[in-house]
There are 2 protein chains.
Amino acid sequence: MSSVPQRRSLLDELASRGIRVTAQRRAVLEVIQEAGEHLDADSLLARARAHEPGLNRATVYRTIALLKKLRLIDELDLMHLEGEKHYYELKPERDHIHMACFRCGRIEEFTSPLFEHLKIEIGKQTGFAVRVVRLEVGGACRVCASPAIDPLKSQEDAETPLR
Amino acid sequence: MSSVPQRRSLLDELASRGIRVTAQRRAVLEVIQEAGEHLDADSLLARARAHEPGLNRATVYRTIALLKKLRLIDELDLMHLEGEKHYYELKPERDHIHMACFRCGRIEEFTSPLFEHLKIEIGKQTGFAVRVVRLEVGGACRVCASPAIDPLKSQEDAETPLR
DNA sequence: CTGATTGCAAAGAATTTGCACTGCT
DNA sequence: AGCAGTGCAAATTCTTTGCAATCAG
């Protein structure tokens, strides 16, 4: 939800690697950095155009690809709750789990030491060098799962995504 | 990799729920059931056409949607190693982790009691009723991560997907 | 200067949908 | 018989690409 600012800005990361900093990239990076939520390419474009009006959709996709390659952002599916878009967020200090409520569509995040242990175990047991981890969960959030909310209203199906 | 057959066939599952069993569905179910690997919609169509030549692509998608809704299969992305397709597998008795090697493209599976604990913890800590879990990992498999393989050949990038 | 980056427009990949026809149960 | 399921073709959604013009370093 609220994000702890990370040590170096995306801009600094690019510059320090000798990657060209253009006005377009600056606009996209800024939006990603200040985003309070998970953004897809389309909303990213819309917001970045506030900074850089002529910005093209293709440039957004190319910038996303760049940031992914540099492992500065993570790509999420959020259980495909709405369409097949991808969502992006700054790579966090500690990986977290994304939980998508099939009933109300809310996305929750959750971190746990167990998750960190699991990642370590994967490496130890299999020899696999873990670079990117994505753990997504679908189901019913606390509120939607509660049977006490409205006994008269028949419960919507929370077994399966909305669409 | 090799799969332990589950108690009831997909066909029985449908029939017992009063869902219509058509030749087309039978063909798709059979392919999913015997698949030794993760199949996308396209390969699913190709294989199922061996049983049911006229089978249409749309029917495959509709059948996949049905099985997903009934939670008889899981949908995977396999870190989008090749395109944005989805892959499908029978819902296993115990959820497993999918590990995708960015260098050689191999997919490994891994199960761990820690993973089960983590799922339980999610529910306990957040009140979220977990229905579907997808844990995917990207990186370098044991072989590709090994620095001893070929010291002369400069290592390919294993930090990031191939495409 | 000069190659990396961009915009544009078109193409591509994966999936979904409307509708008339077919075939389970 | 009746309605769920299917095929077909077109539409949608999301993303990528080729190429000429532009701009950062």
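What comes next concerns the included structure. Just so it is clear, the model here is predicted, and its values are computed rather than measured.

So, how was this worked out
- Residues numbered from 1 in each chain as written.
- Chains lettered and ligands numbered in written order.
- Predicted model: local features only at pLDDT ≥ 70, side-chain atom pairs only at ≥ 80, totals over all residues.
- Heavy atoms only, no water.
- Near = heavy atom within 4 Å.
- Polar contact = N/O pair within 3.5 Å; in protein donor to acceptor, adjacent residues only side chain to side chain.
- Helix = DSSP H or I, 4+ residues; strand = E, 2+ residues; numbered from the N terminus.
- Nonpolar A, V, L, I, M, F, W, Y, C, P; charged D, E, K, R; others polar.
- Pairing = 2+ DSSP bridges.
- Axes fitted to C-alpha atoms, helices over the stretch in contact; angles between N-to-C directions.
- Parallel < 35°, antiparallel > 145°, perpendicular 65-115°, else oblique.
- Left-handed = near helix turned anticlockwise from the far one by under 90°.
- Contact = heavy atoms within 4.5 Å.
- Least-squares fit on C-alpha atoms with pLDDT ≥ 70 in both.
- Buried < 20%, exposed > 50% of the residue type's maximum accessible area, 1.4 Å probe, protein only.
- Arc of directions from axis to C-beta.
- Core = buried A, V, L, I, M, F, W, Y, C linked by side-chain atoms within 4.5 Å.
- Salt bridge = Lys/Arg side-chain N within 4 Å of Asp/Glu carboxyl O.

1. Points about the protein's contact with DNA strand C
Part 1: Neighbouring DNA strand C are 20 residues, the closest being A:R20, A:T22, A:T59, A:R62 and B:Y61.
Part 2: Sugar plus phosphate: this is where 63% of the atoms of DNA strand C within 4 Å of the protein reside.
Part 3: The side chain of A:R62 places a nitrogen or oxygen atom 2.7 Å from a base nitrogen of DNA strand C.
Part 4: Contact between DNA strand C and B:V21: a phosphate oxygen at 2.8 Å from a main-chain N or O atom of the residue.
Part 5: Within the residue set of the surface near DNA strand C, elements represented by two or more residues are α2 (23-34) and α4 (57-69) of chain A together with α4 (57-69) of chain B.
Part 6: No other element matches α4(B), which puts 4 residues into the surface near DNA strand C.
Part 7: Taken together, the residues of the surface near DNA strand C sort by class into 6 nonpolar, 6 polar and 8 charged.

2. Here we look at the sheet that holds strand β2 (residues 73-76) of chain B
Residues and elements named next belong to chain B.
Part 1: Spatial ordering of the open sheet is given by β1-β3-β2, a layout of 3 strands whose pairing is antiparallel. Of all strands in the sheet, those bounded by a partner on one side alone are β1 (39-40) and β2.
Part 2: Bridge count for β1 against strand β3 (residues 87-90) is 2 bridges, and the pairing is antiparallel. By the bridge assignment for β3, D40 is matched with Y87.

3. A short note on the packing of helix α3 (residues 41-51) of chain B against α4(B)
Residues and elements named next belong to chain B.
Part 1: Between α3 and α4, the least distance of the axes is 10 Å, while the angle of their chain directions is 115°. Here α3 lies roughly perpendicular to α4, going by the angle between them. Two packed elements cross with a definite hand, and for α3 against α4 that hand is right-handed. Taken together, the residues of α4 that come into contact with α3 (itself represented by A41, D42, L44, L45 and R49) are R57, V60, Y61 and I64.
Part 2: Across the contact of α3 with α4, the residue classes break down as 6 nonpolar, no polar and 3 charged.

4. Considering the protein's contact with DNA strand D
Part 1: In the vicinity of DNA strand D lie 20 residues, with A:Y61, B:T22, B:R25, B:T59 and B:R62 positioned nearest.
Part 2: Within 4 Å of the protein, the contacting atoms of DNA strand D are drawn from sugar and phosphate to the extent of 67%.
Part 3: Measuring from a phosphate oxygen of DNA strand D, one finds a side-chain N or O atom of B:T22 at 2.6 Å.
Part 4: Within the contact set of DNA strand D, a phosphate oxygen lies 3.2 Å away from a backbone nitrogen or oxygen of B:N56.
Part 5: Looking at the surface near DNA strand D, the elements with two or more residues in it are α4 of chain A together with α2 (23-34) and α4 of chain B.
Part 6: No other element matches α4(A), which puts 4 residues into the surface near DNA strand D.

5. Notes on the relation of the copies chain B and chain A
Part 1: Between the two copies, chain B and chain A, the superposition gives an RMSD of 0.0 Å; the rotation angle is 180° and the shift along the axis is 0.0 Å. As the rotation angle and translation indicate, the two copies are arranged about a two-fold axis. Residues of chain B ranked by C-alpha distance from the rotation axis are headed by B:L135, positioned 2.1 Å from it.
Part 2: Taken together, the interface assignments show that 100% of the residues at the interface of chain B recur at the interface of chain A, consistent with an identical surface on both copies.

6. Regarding the side chain of B:T126
Part 1: Mapping B:T126 onto the fold places it in helix α5 (residues 113-126).
Part 2: In this structure the side chain of B:T126 is engaged in a polar contact, spanning 3.1 Å, whose partner is the backbone nitrogen of B:F128.
Part 3: The residues contacting B:T126, other than those within four sequence positions of it, are A:M99, A:E108, A:F110 and A:R142.

7. Comments concerning helix α3 (residues 41-51) of chain A
Residue and element names in this part refer to chain A.
Part 1: Within α3, the full set of buried residues consists of A41, L44, L45 and A48. End-on, the buried residues of α3 take up no more than an arc of 100°, which puts them together on one face. Exposed and oriented more than 90 degrees from the buried face of α3 are A46 and A50.
Part 2: Each element contacted by the buried residues of α3 is listed here: α2, β1 (39-40), α4 and β3 (87-90).

8. Looking at the nonpolar core
Part 1: In this structure, A:I97, A:L135, B:I97 and B:L135 are the most contacted members of the largest nonpolar core, which totals 32 residues.
Part 2: Listed by contribution, the elements that provide at least two residues to this core are β4 (97-101), α5 (113-126) and β6 (129-140) of chain A together with β4 (97-101), α5 and β6 (129-140) of chain B.
Part 3: Excluding residues that lie within four positions of it along the chain, A:I97 makes contacts with A:E108, A:E109, A:F110, A:F115, A:L135, A:V137, B:L118 and B:I122.

9. Points about the pairing of β4(A)
Residues and elements named next belong to chain A.
Part 1: In terms of burial, β4 is a largely internal element, 5 of the 5 residues being buried.
Part 2: A two-sided burial pattern is seen for β4, the buried positions comprising I97, M99 and C101 on one face and H98 and A100 on the other.
Part 3: Across 4 bridges, the pairing between β4 and strand β5 (residues 107-110) is antiparallel. Paired with I97 across the bridge in β5 is F110.

10. Details of the interface of chain B and chain A
Part 1: Facing 45 residues of chain B, the contacting portion of chain A comprises 45 residues.
Part 2: Scanning the region where chain B abuts chain A turns up 2 salt bridges.
Part 3: Across the pair A:D77 and B:R134 runs a salt bridge whose closest N-O atoms are separated by 3.4 Å.
Part 4: Our count for the contact surface shared by chain B and chain A stands at 20 residue pairs in polar contact (both at pLDDT 80 or more).
Part 5: Breaking the side of chain B that touches chain A down by element, the ones donating at least two residues are α4, β4, β5 (107-110), α5, β6 and α6 (142-145) of chain B.
Part 6: If you tally residues by element for the side of chain B that touches chain A, the top one is β6(B), at 12 residues.

Taken by themselves, the reported measurements are silent on function.
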